[in-house]
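Working through the structure, step by step
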Amino acid sequence: MAFAVLLTVNNALAQEVTSENWITSPGIIGTIILITLVLVVAIIIVLAQLNGYLRRVQKKDDDSSKLAFKKELLEMEGSEIDDLLSKRKAALEYKLKGAELGGDQTASDDQGLIKRAENEPDNPLFDEKKKTDLNLQTPEELTKLIVWYLGAAVFWLVFGTTIGQYLGMKFVWPELDSVSWLSFGRLRPVHTNTVFWGWGSLAMIGLGHFVITRTSNIKLHSYKRSWLAFGLINLSVLLGNICLMSGINNGGGEYREYIWPVMLLFALGLILTFRNFYRTVASRKISEIYISNWFILAALGWTIILSIIGYMPWFQNGLGETVIQGYYMHQGVGMWFMTFTLGLTYYYLPSTLNKPIYSYSLGVLAFWTQMLFYTLIGTHHFVFSPLPWWLQTVAIVFSMGMFIPVIAGSTNFLMTMRGSWSHISKSYVLPFFLVGVVFYFVGSSQGSFQAFRFTNYVWHFTDFNVAHSHMTMYGIITFILWACIYTIVPKLRGKEPPQILVGAHFWMAFIGLFAYMISMMAGGTLKGISWLDGHPFIQSVILMKKYWIWRAVGGSLMFLSHLVFAYNFYLMVRKSSETVSVHQLKTVNA
């Protein structure tokens, strides 16, 4: 009933949208509140980091003073020490007489008023995070497999975002080149498909190998299948990008521009991975199936089905192609990336905090409502299209239903973090998790608000959608993947990156994303209003110029953060002369 009332009001408002009343839309007001929430979280993280830095400086000062005093005592003669202690005792027992502010006596601290004295103490700008002594007992073969998956993912991240950086520059300098295979129409799908199927997918699967074996308390079913899947997925991304840059593609379907023979390789890689993970869980040595495995296996199962349906030849023409495109595009984000990443979070977040997940029941609720509501919301990208009105309405209603899994999951993660907020200033992993969880709530909720017919009037087909996609795929998926990588790789390899570099990675990525997101949201909104007012299309292009400059600035910061991350990953996995004890544990189960 509540949904029906909401949609009735929404439909009525949609017919009256003008440039005068757009700001009063519930969806737009909700989006403004959500963006403000992200800003508040950023301020909290900054204050926590600053407070932690000041505490570390204070501790350094105290330690320096104590060390200097001890050194001075060691160099004193016995009589000098006795004399010093007697003076200090007398000073501490001294009581003011009331005439201490005047007189011609030699200045001294006989009264014991000075607590400590300093002389240029060593105050470093960054204090190294305390390194963990924990090395997880993991078979060398599994460690190697995970490192290779993550290494390939890092490569595709740098490659894909290099393309994205070049495309961002083209918005500012549109005549940057005149080479056909570097045109925007060819490079844009190279960027999106590379970060989707190369970076995100390989990173998730690599991290999933550890979760599946660890929570099942058994070795991986088949290393051979995992390596074969690794080769197939990488080959599909390589061949797919070559085809796209050569002008060979699947048409205008977003995120399915790879032709079907190329995507078949990716699907085969997923089938091998699913079978491998399933057989591992089926052979587990414990009775329960941990909630992470629910999400991971469901994500693999749904995506195998999705990749098959999306490429069926009878769904490639007419309005049926439009319906399938919405299904494929949104399922790719929600049922593959979001579902798999949530499964990773249910393991790596509690593991990082060394505490159990807050509520298993909330996790089950989030899982089944995710499976229910996410499957039919793709059509909200085609509101006011020739598709049946009832199908659009169903997509909007199910988009509202997504508040249930989003609130359940966000609450579960934040409550798991409860009591550990002080670690934000001590750990470089928790800020990544916190940003990812906050964006999970903000980005997913904003997507539900954007599904309203009212907000579609203003935002659809504008740069606002680019901001929304980066808010989800980057703010949620990528930040959580980074958190998981920084959590597990040091424990597998026994080496941690310098905190200054991880901090640089975090802040450049976060500030870059925020600048990118806000500029595209503001510019996209103004573009939509320009269309509502009936202005010529070229005017909306001209007004976007300054916002595209900020897009390039934010994108540049994000790209630089990826280079820092790649170097951090290299520092964590490189071989050294020291023998890592965990690699000697070849016979221990994962």
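Please read all numbers here as calculations on a predicted model, not as lab measurements. (Residues numbered from 1 in each chain as written. Predicted model: local features only at pLDDT ≥ 70, side-chain atom pairs only at ≥ 80, totals over all residues. Heavy atoms only, no water.)

1. Concerning the overall build of the protein
When you go through the protein residue by residue, the secondary structure sums to 18 helices and zero strands. Relative to its 590 residues, the protein shows a buried fraction of 52%. Here the protein has roughly 27,500 Å² of accessible surface; of this, 65% comes from carbon and sulfur atoms. (Helix = DSSP H or I, 4+ residues; strand = E, 2+ residues; numbered from the N terminus. Buried < 20%, exposed > 50% of the residue type's maximum accessible area, 1.4 Å probe, protein only. Areas by Shrake-Rupley, 256 points an atom, 1.4 Å probe, with all protein chains shown as cover.)

2. Some remarks on helix α10 (residues 360-373)
Along its 14 residues, α10 runs 20 Å from first to last C-alpha, staying within 8% of the 20 Å computed at 1.5 Å per residue. Restricting attention to buried positions, one finds in α10 the residues Leu362, Gly363, Ala366, Phe367, Thr369, Gln370, Met371 and Phe373. Among the structural elements, α8 (291-309), α9 (318-353), α11 (389-401), α12 (403-417) and α13 (430-450) are those in contact with the buried residues of α10. Where α10 begins, one side-chain oxygen reaches toward the backbone nitrogen of Ser361, 3.4 Å away; that side chain belongs to Ser359. (Expected span 1.5 Å × (residues − 1). Contact = heavy atoms within 4.5 Å. Polar contact = N/O pair within 3.5 Å; in protein donor to acceptor, adjacent residues only side chain to side chain.)

3. Here's the deal with the nonpolar core
With 145 residues, the main nonpolar core has Trp197, Trp336, Leu344, Tyr348, Phe433 and Phe479 as its most contacted residues. Counting residues per element, this core draws most heavily on helix α15 (residues 464-493), which supplies 18 residues. In this structure, Leu344 is in contact with Met204, Leu207, Gly208, Val211, Ile296, Leu481 and Cys484, ignoring residues within four places of it in sequence. (Core = buried A, V, L, I, M, F, W, Y, C linked by side-chain atoms within 4.5 Å.)

4. What to know about the packing of helix α5 (residues 184-216) against helix α7 (residues 260-282)
The interhelical angle for the contact between α5 and α7, taken along N-to-C directions, is 10 degrees, at an axis separation of 10 Å. Our classification of the angle between α5 and α7 gives roughly parallel. Considering how the two elements wind past one another, α5 and α7 form a crossing that is left-handed. Two secondary-structure elements touch here, α5 through Trp197, Ser201, Ile205, Gly208, His209, Ile212, Thr213 and Ser216 and α7 through Met263, Phe266, Leu270, Thr273, Phe277, Thr280 and Val281. Here the residues of the contact of α5 with α7 are counted per class, giving eight nonpolar, seven polar and no charged. (Axes fitted to C-alpha atoms, helices over the stretch in contact; angles between N-to-C directions. Parallel < 35°, antiparallel > 145°, perpendicular 65-115°, else oblique. Left-handed = near helix turned anticlockwise from the far one by under 90°. Nonpolar A, V, L, I, M, F, W, Y, C, P; charged D, E, K, R; others polar.)

5. Some points on the confidence of the model for the protein
A residue-level look at the protein finds 86% of positions with pLDDT of 70 or above and a mean pLDDT of 84. Confidence, read as mean pLDDT per element, is least for helix α1 (residues 2-14) in the protein (45) and greatest for helix α6 (residues 223-245) (96). Every residue in residues 1-15 is under pLDDT 50, and counting partners more than four places away or in other chains gives 19 contacts. The low-confidence segment residues 578-590 (pLDDT under 50) makes 31 contacts with residues lying over four places distant or belonging to another chain. (pLDDT = per-residue confidence, 0-100.)

6. Some words on the packing of aromatic side chains
Overall, the coordinates contain 50 aromatic pairs when judged by the stated rule. Taken together, a centroid distance of 5.8 Å and an interplanar angle of 80 degrees make the contact between Trp227 and Phe230 edge-to-face. Here Trp227 and its partner Phe230 are both found in helix α6, three residues apart, which amounts to about one turn of the helix. In this structure Trp227 comes out as partly exposed when scored by relative accessible area, which is 28%. Taken together, the aromatic side chains of Trp199, Phe432, Tyr474, Phe479, Trp482, Tyr486, Phe506, Trp507, Phe510, Phe514 and Phe565 make up a single cluster linked through ring pairs. Between the NZ or CZ atom of Arg256 and the centre of the ring of Tyr328, over which it lies, the distance is 5.8 Å. Sitting over the face of the ring of Trp389, Arg453 holds its NZ or CZ atom 3.8 Å from the ring centroid. (Phe/Tyr/Trp six-rings, centres within 6.5 Å; stacked < 30°, edge-to-face > 60°. Lys NZ or Arg CZ within 6 Å of the ring centre and 35° of its normal.)

7. Things to note about the environment of Val573
With respect to the helices and strands, Val573 occurs in helix α18 (residues 545-573). Residue Val573 is classed as buried on the basis of its relative accessible area, which comes to 16%. Considering only alpha carbons, one finds Val573 and Lys495, 78 residues apart in sequence, at a separation of 7.4 Å. Those residues in contact with Val573 that sit more than four places away from it in its chain are Val147, Val489, Arg493 and Lys495.

8. Describing unusual backbone geometry
Phi at Asn217 takes a positive value of approximately 55 degrees, unusual for a residue other than glycine. Along the polypeptide, Asn217 turns up in the loop between α5 and α6.

9. Concerning the packing of α5 against α15
Look at α5 against α15: their axes get within 10 Å of each other, and the N-to-C directions meet at 40 degrees. The orientation of α5 with respect to α15, classified from their angle, is oblique. Helix-helix and strand crossings are classified by hand; for α5 and α15 the assignment is left-handed. Residues Phe196, Trp199, Gly200, Ala203, Met204, Leu207 and Phe210 of α5 pack against Met473, Thr478, Leu481, Trp482, Cys484, Ile485, Ile488 and Leu492 of α15. In terms of residue class, the contact of α5 with α15 is made up of 13 nonpolar, two polar and no charged.

10. Topic: the side chain of Thr339
Among the structural elements, Thr339 can be located in helix α9. At a separation of 2.9 Å, a polar atom in the side chain of Thr339 contacts the main-chain carbonyl oxygen of Gly334.

11. Side note on a nonpolar patch on the surface
Side chains of Leu39, Ile43, Leu47, Leu50 and Leu54 sit close together on the surface and give an oily, nonpolar patch of about 460 Å² of accessible area. Locating Leu47 in the fold gives a position in helix α2 (residues 26-74). (Patch = residues over 30% accessible without salt bridge, like charges linked within 9 Å, V, L, I, M, F, W, Y side chains within 5 Å. Salt bridge = Lys/Arg side-chain N within 4 Å of Asp/Glu carboxyl O.)

12. Considering the environment of Val383
Structurally, the position occupied by Val383 is in the loop between α10 and α11. Given the relative accessible area of 5%, Val383 is considered buried. Taking C-alpha positions, Val383 is 9.1 Å from Ala395, a pair spaced twelve residues apart along the chain. Sequence-distant contacts of Val383, that is, excluding residues within four places in its chain, are made with Gln392, Ile396, Ala451, Arg453 and Asn456.

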